[in-house]
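Close look at the chain arrangement
As a plain string of letters, each chain reads:
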Amino acid sequence: SNTRRILGVALRDKQSIHIALTGVYGLGRFMAKTVCAKLGLNPMTRIKDIHPTMLHTIGKTVESEYVVQNDLKDQMKSDIMRLVNMRCYRGIRHAQGLPLRGQRTSTNGKTAKKMAGRRANLLGIKYPAIGRSKKQKGKK
């Protein structure tokens with residue numbers, strides 16, 4: 001059978017609609033259920049039982065009501081780049097890949113460093129060089 005899609009996200013036939021909608025970047029369980037309620041759908045309805053025109057309607061509704069998928073990624077990217085270009089404290093911390101919210105970094109801070117790389121990859125961000133140069137990286 002041909003794959004059903006909402007906003008370019010492939011949906012599995014056996015999934016219930018409110019779970020399938022969480023595959024859309026930027027939609028969680030709550031928003032997915034809200035969309036179902038708005039359109040008068042039972043959230044537990046399986047994808048295979050939903051008419052293709054209804055799926056199209058769901059896609060249109062999500063697109064018009066919420067910022068999702070690439071629009072959301074672009075918005076996040078521009079928000080982060082605005083901070084980085086301003087060279088404010090948070091922008092500098094973003095660019096260095098360090099925690100932004102006052103956490104200690106002499107120990108810990110591993111998650112922030114890991115997430116900074118992942119976020120940059122996801123959003124396709126190339127930070128301008130701020131702060132640490134390559135030589136200083138290992139030193140505390």
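Remember, it's a predicted structure, so these values are computed and weren't measured experimentally.

Rules behind the numbers
Residues numbered from 1 in each chain as written. Predicted model: local features only at pLDDT ≥ 70, side-chain atom pairs only at ≥ 80, totals over all residues. Heavy atoms only, no water. Helix = DSSP H or I, 4+ residues; strand = E, 2+ residues; numbered from the N terminus. Expected span 1.5 Å × (residues − 1). Buried < 20%, exposed > 50% of the residue type's maximum accessible area, 1.4 Å probe, protein only. Arc of directions from axis to C-beta. Contact = heavy atoms within 4.5 Å. Axes fitted to C-alpha atoms, helices over the stretch in contact; angles between N-to-C directions. Parallel < 35°, antiparallel > 145°, perpendicular 65-115°, else oblique. Nonpolar A, V, L, I, M, F, W, Y, C, P; charged D, E, K, R; others polar.

Looking now at helix 4 (residues 69-86). A rise of 1.5 Å per residue sets the reference length of helix 4, with its 18 residues, at 26 Å; its end C-alpha atoms lie 26 Å apart and thus fit the reference within 8%. Residues of helix 4 that are buried: Gln69, Leu72, Ile80, Met81, Leu83 and Val84. The buried side chains of helix 4 occupy one side of the element, clustering within an arc of 165° when seen end-on. In this structure, helix 4 carries Asp71 and Asn85 as exposed residues pointing more than 90 degrees from its buried face. Each element contacted by the buried residues of helix 4 is listed here: strand 2 (9-11), helix 5 (89-96) and helix 6 (110-123). Arg87, located one to two residues past helix 4, shows a positive phi value of around 60°.

The subject of this paragraph is the packing of helix 4 against helix 5. Two numbers describe how helix 4 lies on helix 5: the axes approach to 7 Å, and their chain directions differ by 110°. Comparing their axes, helix 5 and helix 4 come out roughly perpendicular. On helix 5, the residues touching Ile80, Leu83 and Val84 of helix 4 are Arg90, Gly91, His94 and Ala95. When its residues are assigned to classes, the contact of helix 4 with helix 5 shows four nonpolar, two polar and one charged.

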